[in-house]
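Residue-level structural notes
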Amino acid sequence: MLTIYGVYRSRASRNIWLAEELGIPFKQVPVIQHYRTVPAGMLHTQSPEFLKVNPNGLIPSIDDDGLLLHESLAINLYLARKHGGPLAAANVAEEGEIAMWSLWAATGVEPHAINVLYHRLGNPTGEKDPKVADAAVEALRRPFAVLEQALVKSGWLVGGRFTVADLNVAEIVRYAQAAPELFETSPRVKTWLAACQARPGFKKMWAARDAEPA
């Protein structure tokens with residue numbers, strides 16, 4: 001069975017959402033970030049038991065019948081390819097596009113989107129700084145324009161359908177929702193993200209996330 005290590009309020013949400021989309025059974029082992037308030041007896045990212053799973057001390061990780069993998073986006077690419085279906089690449093060209101969009105979001109969007117989230121809503125590692133948030137919003141304008149243009153053809157990123165590329169990118173773009181001005185100037189991005197988040201797999205994951213202590 002697939003085991004996913006991580007709490008819902010972490011990047012493990014990406015893997016849990018995909019597992020729900022694929023309809024595959026999984027076991028979730030709650031592992032909380034070590035810098036948060038750790039309930040007594042709960043595993044955290046620096047717990048010796050978890051470091052045996054991922055010596056990087058980061059979540060999420062998975063154990064898929066003995067195969068240990070780390071890095072949330074890589075995990076999703078693996079799971080989609082293993083289980084196939086419409087979320088996976090239909091050919092090698094789509095595989096390249098899916099990888100491209102996932103890496104694009106990780107490198108060009110996530111660092112800035114995280115700063116929007118932390119410095120507008122709540123920073124778990126320090127004080128909020130509005131100037132950092134504003135700078136991040138400005139840095140995101142170009143990636144949002146790129147994403148807006150990519151959605152013109154079909155409303156999805158690859159193959160004219162919802163794929164793991166959309167899921168991976170949507171879970172990163174979600175962090176920028178604290179900057180509504182970005183979505184006002186990118187209406188296709190706003191519509192696309194709403195469509196991603198309207199999927200039953202996302203809703204099930206999000207309900208569990210909401211039920212988890214902040």
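Read on for an overview of the structure. Since the structure is predicted, the reported quantities are computational estimates derived from the model, not experimental observations. (Residues numbered from 1 in each chain as written. Predicted model: local features only at pLDDT ≥ 70, side-chain atom pairs only at ≥ 80, totals over all residues. Heavy atoms only, no water.)

**What to know about the side chain of Arg161**
Operational definition: The secondary structure listing takes helices from DSSP runs of H or I that are at least 4 residues long and strands from runs of E that are at least 2 residues long, numbered from the N terminus. In protein, a polar contact means a hydrogen-donor-capable atom and an acceptor-capable atom, both N or O and within 3.5 Å, with residues adjacent in sequence counting only if both atoms are side-chain atoms; elsewhere, any N or O pair within 3.5 Å suffices. Pairs of residues are marked as contacts when any of their non-hydrogen atoms sit within 4.5 Å.
Relative to the elements of secondary structure, Arg161 occurs in the loop between α5 (130-150) and α6 (164-173). Of the polar contacts made by the side chain of Arg161, one reaches the backbone oxygen of Ala88; its length is 2.8 Å. Aside from chain neighbours lying at most four places away, what touches Arg161 is Pro86, Ala88, Ala89, Ala90, Glu94, Trp156 and Asp166.

**Examining the packing of aromatic side chains**
Rules: Within 6.5 Å between ring centres, the rings of Phe, Tyr and Trp (the latter by its six-membered ring) count as paired, and their orientation is classed by plane angle as stacked under 30 degrees, edge-to-face over 60, tilted in between. Exposed residues in this analysis have more than 50% of their type's maximum accessible area, buried residues have under 20%, and partly exposed residues fall in between, with area computed by a 1.4 Å probe over protein chains only.
The full count for this structure, using the stated rule, is seven aromatic pairs. A centroid spacing of 6.2 Å and a plane angle of 35° characterise the contact between Trp17 and Phe162, whose relative ring orientation is tilted. Pair noted here: Trp17 is in helix α1 (residues 12-22) and Phe162 is in the loop between α5 and α6, with a separation of 145 residues, a long-range link. Here Trp17 matches Phe162 in class, with each residue buried. Arranged with centres 5.0 Å apart and planes meeting at 85°, the rings of Trp101 and Trp104 form a pair that is edge-to-face. One end of the pair, Trp101, and the other, Trp104, are both in helix α4 (residues 92-120), three residues apart, so they sit about a helical turn from each other. Three or more aromatic residues joined by ring pairs form one cluster here, namely Trp17, Trp156, Phe162, Phe202 and Trp206.

**Some thoughts on the nonpolar core**
What counts, and what does not: Buried residues of nine kinds, namely Ala, Val, Leu, Ile, Met, Phe, Trp, Tyr and Cys, make up a nonpolar core once their side-chain atoms join them within 4.5 Å.
Leu147, Val169, Val173 and Trp192 are the most contacted members of the largest nonpolar core, which totals 55 residues. It is α4 that contributes the most residues to this core, eight residues altogether. Sequence-distant contacts of Val169, defined by excluding residues within four places in its chain, comprise Trp101, Trp104, Ala105, Leu147, Leu157 and Trp192. The next biggest cluster of nonpolar side chains, apart from the first, holds eight residues, and it includes Val7, Val31, Val53 and Ile59.

**Focus on helix α8 (residues 187-197)**
Short version of the rule: Directions drawn from the helix axis to the C-beta atoms are what define this arc.
For α8, the complete set of buried residues consists of Val189, Trp192, Leu193, Cys196 and Gln197. The buried residues of α8 occupy an angular sector of 130° when projected down its axis, which confines them to one face. Every exposed residue of α8 that faces more than 90 degrees away from the buried side is listed here: Lys190 and Thr191. For α8, the secondary structure elements touched by its buried residues are α1, α5, α6, α7 (180-184) and α9 (200-211).

**Remarks on the sheet that holds strand β6 (residues 67-70)**
Heads up, the condition is: Strand pairing is assigned whenever DSSP identifies at least 2 bridges connecting the two strands. Here the axes come from fitting lines to C-alpha atoms, over the contacting stretch only for helices, and the angles between their N-to-C directions go from 0 to 180 degrees.
The mixed open sheet is built from four strands, whose spatial order is β2-β1-β5-β6. Of all the strands in the sheet, just β2 (26-29) and β6 have a single pairing partner and so form its edges. Adjacent strand axes in the sheet meet at a mean angle of 20°, parallel and antiparallel pairs treated alike. Relative to β2, strand β1 (residues 2-5) runs parallel, the two sharing four bridges. Pairing of Tyr5 across the sheet is with Val29, part of β2. Strands β1 and β2 of the sheet are contacted by α1, whose axis makes an angle of about 155° with β1.

**What to know about the packing of α5 against α8**
The criterion, for reference: Roughly parallel refers to an angle under 35 degrees, roughly antiparallel to one over 145, roughly perpendicular to one between 65 and 115, and oblique to any angle outside these ranges. Side-chain classes follow a simple rule in which Ala, Val, Leu, Ile, Met, Phe, Trp, Tyr, Cys and Pro form the nonpolar group, Asp, Glu, Lys and Arg form the charged group, and the remainder, Gly included, forms the polar group.
Direction vectors running N to C along α5 and α8 enclose 75°, while the axes themselves pass 8 Å from each other. Of the possible angle classes, the one that applies to α5 and α8 is roughly perpendicular. Across from Phe144, Leu147 and Glu148 in α5, the residues of α8 making contact are Pro187, Arg188, Val189 and Trp192. Grouping the constituent residues of the contact of α5 with α8 by class yields five nonpolar, no polar and two charged.

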